[in-house]
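Inside the fold
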Amino acid sequence: MLSDGFWRIIRIGLVGLVLAAAVAGLVLGDAWLWVAVEWSPPAFAGFYTRGGFDTWTTVALLVAALVKAAFLWLILRAPAPGPLDRRAKALRRLLYLAVAYILVLWFPIALLPDAVDAAFLLALWTAIDVLYLLVIRWRSRMLRAAAGVLFAVELAGMANELLDELDLPELGSGGIVGLGLMLGGMAAIIITVVGQRRDGRWSRGTQVAGWLSVGFYVLVSPLNILLGMIFSDGLAMPVMIDAVGLVSTVWIAATARELPAEGRPADLPPARRRMIRVAVAAVAVLLIIPLLHPEQTPHLTYTGWSMDCYDRPSFGDLKPEERDAAFLCRARSTDSGVPPMFPDSLSDQEILAYGRALCRTKDGDEQKAILTRAGSERPAWGADLWDLVYICPEIVGATHPELLRSTTETEAANTAYIAEQNAKCRDPWPRTKGVVQATANYFLFVDGDPGYLVHDPEDEAADEAAEQATDKMYDDSALIGVAGSAALIGHIDDVVDLCLTVKAFRTAPPPRTAGWDQVNEVPIVSRSGRLTVPEMGEGGDVGAGAPMPNLAIAGKGRYRLRVYVRIGDAGEEHLVVVFPGASRKRLKLKP
């Protein structure tokens, strides 16, 4: 074993190196300062910042250097002398391996696939928890059993992470499961500290470090919110939390150091113990006090990156008390890189007040003035009614009652609308029955759609054929583009929907061009034995409003596609006739 003098030299050297590197980094630039304090590549900082560190981040890094140096001094203390049995030796080595991972090994392991990192941590802490059960003198079967249960919950959380990285079914999903696994991990630390106290080998200082690590995890979420409000930009918040989080590493190292039954470190004198208690209580109070605000103080519930804001519920699906939060999500949303309606620097109350003012505006100029006053990055865009409905439903609902619907009501209204539109379409050849046929309204894109496809959706080259058919349609005055297993049929008038009837025959029917504006016939092939028209998908607004049959009634092979088009009082009407045919000619039966 290395002598105490050698350990002291190592401690002084490494701690001095950390402080000297931090000072040098302050002179040499942000990249050096980041590496000196955070012990990670500067690219990690570049992911979060652009154009260098701000003042708060620089100050946080300098303070973090002092905190980490103090913690490192405690972590690198020499192991306590004394005999160890085989299990205790294994536990000490694994705990020091865990310390090495937290300080150094995390980076080379992070270069490997994420699943390797998750598997390594699961294996490491499984071994440590098993040895905790065997090495710690719990002095109670019930306490040891409780520790086993909590360790299992902690390991279940790690196993869940591994399953997620491997894209395998997880043990559970949702916020409740995640919260339960996190609380299980905290409870595992608590019961380990309780076991150390009952065992008697570990000093009060080690137990205090254990309780502080629990306190850190309890406060880490409130600290994220609090410090995120103070340091809304830059890296000050994660730097500070990373530095304070090393207290758990101090506890792990102290647990490994004080394993021998003999040579247990002497407890501190009563006066120093009282001083430590006062210091710990003061730190806890100082961390909690900033979280307490008067009722009227502005606060921040949701930011643009809040996980709870990814879903957008319908107004009718929310309870009245949930609607303000939904508006805050939309007001701070940065979906698809779009600037938020309001900046994160505004409190909830301010944003809600600005939002209600937007509800009362009469034109876009008034909205622009309000958004400019609020510091919005997109004042010219104004505010959308489907966002404002959450905070002023009585105003928005008066002119747009459809925005007040629930998801179920919206689906029912859409279904009724599609059925109504389908009912307006009639079969233009009612006496000529096809082997299969269907009539429905075909809904097009509102902003302009070249037409609809008759294609083989199971063809391996279906997408490529559709693209080629689209290109060819614009080169053909007949507005029909054909490429292998796809035909894109355009529309004559500027419409958003049209009546479509499809029929399949075993032989070519008579042309019967009377009453139609255009009749064209083109070749098409089915490579899988299917030819059909796209239907409206779930939640989609493009496609046929009713199920479309398979028009390739003879299976794989070549077919003829005849398209009838006319415009009448009811709008544009199309009849698509498909029948087997080997000819590759294009015919204009009625130009």
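A short tour of the structure in this document, coming up. Fair warning: this is a prediction, and the values are worked out from it, not measured in the lab.

This next bit is on the pattern of salt bridges. For the structure on display, the rule yields 13 salt bridges. The shortest N-O distance in the salt bridge between Arg 257 and Glu 258 comes to 3.8 Å. Each member of the pair Arg 257 and Glu 258 is classed as buried. Taking the shortest distance from any N to any O, the salt bridge between Asp 427 and Lys 503 comes out at 2.9 Å. Taken together, the residues span a long stretch of sequence, with Asp 427 in the loop between α18 (407-423) and β1 (436-443) and Lys 503 in strand β5 (residues 497-504) at a distance of 76 residues.

A word on the nonpolar core. Formed by 48 residues in total, the largest nonpolar core has its most connected members in Leu 91 and Ile 128. For this core, the leading source of residues is helix α6 (residues 114-135), giving nine residues. Contact partners of Ile 128, with chain neighbours within four places excluded, come to Leu 91, Leu 94, Leu 95 and Ala 98. Counting residues in each nonpolar core, the second largest holds 30 residues, with Ile 524, Ala 546, Leu 551 and Val 565 among its members.

Quick look at the state of the cysteines now. Taken as a whole and assessed by the stated rule, the structure comprises two disulfides. In this model, Cys 359 is linked to Cys 392 through a disulfide, with the two sulfur atoms separated by 1.8 Å. Taking the sign of the S-S torsion, about -75° here, the bridge from Cys 359 to Cys 392 comes out left-handed. Taken together, the residues Cys 359 in helix α14 (residues 348-359) and Cys 392 in the loop between α16 (385-388) and α17 (393-399) connect sequence positions 33 residues apart.

As enumerated under the stated definition, the model contains eight aromatic pairs in all. Ring centres of Trp 106 and Phe 107 lie 5.8 Å apart, and the angle between their planes is 75°; on these two criteria the pair is classed as edge-to-face. Residue class for Phe 107 comes out partly exposed when judged on its relative accessible area of 28%. Measuring from ring centre to ring centre gives 6.0 Å for Phe 342 and Tyr 354, while their planes differ by 20°; the resulting arrangement is stacked. One end of the pair, Phe 342, is in the loop between α13 (323-331) and α14; the other, Tyr 354, is in helix α14, with twelve residues separating them in the sequence. Classification of Phe 342 as buried rests on a relative accessible area of 0%. Put simply, the rings of Trp 429, Trp 516 and Tyr 564 touch in pairs and so form one group of aromatic residues. Positioned above the aromatic ring of Trp 429, the side-chain terminus of Arg 512 is 4.6 Å from the ring centre.

Conventions used here
- Residues numbered from 1 in each chain as written.
- Predicted model: local features only at pLDDT ≥ 70, side-chain atom pairs only at ≥ 80, totals over all residues.
- Heavy atoms only, no water.
- Salt bridge = Lys/Arg side-chain N within 4 Å of Asp/Glu carboxyl O.
- Buried < 20%, exposed > 50% of the residue type's maximum accessible area, 1.4 Å probe, protein only.
- Helix = DSSP H or I, 4+ residues; strand = E, 2+ residues; numbered from the N terminus.
- Core = buried A, V, L, I, M, F, W, Y, C linked by side-chain atoms within 4.5 Å.
- Contact = heavy atoms within 4.5 Å.
- Disulfide = S-S within 2.5 Å.
- Phe/Tyr/Trp six-rings, centres within 6.5 Å; stacked < 30°, edge-to-face > 60°.
- Lys NZ or Arg CZ within 6 Å of the ring centre and 35° of its normal.

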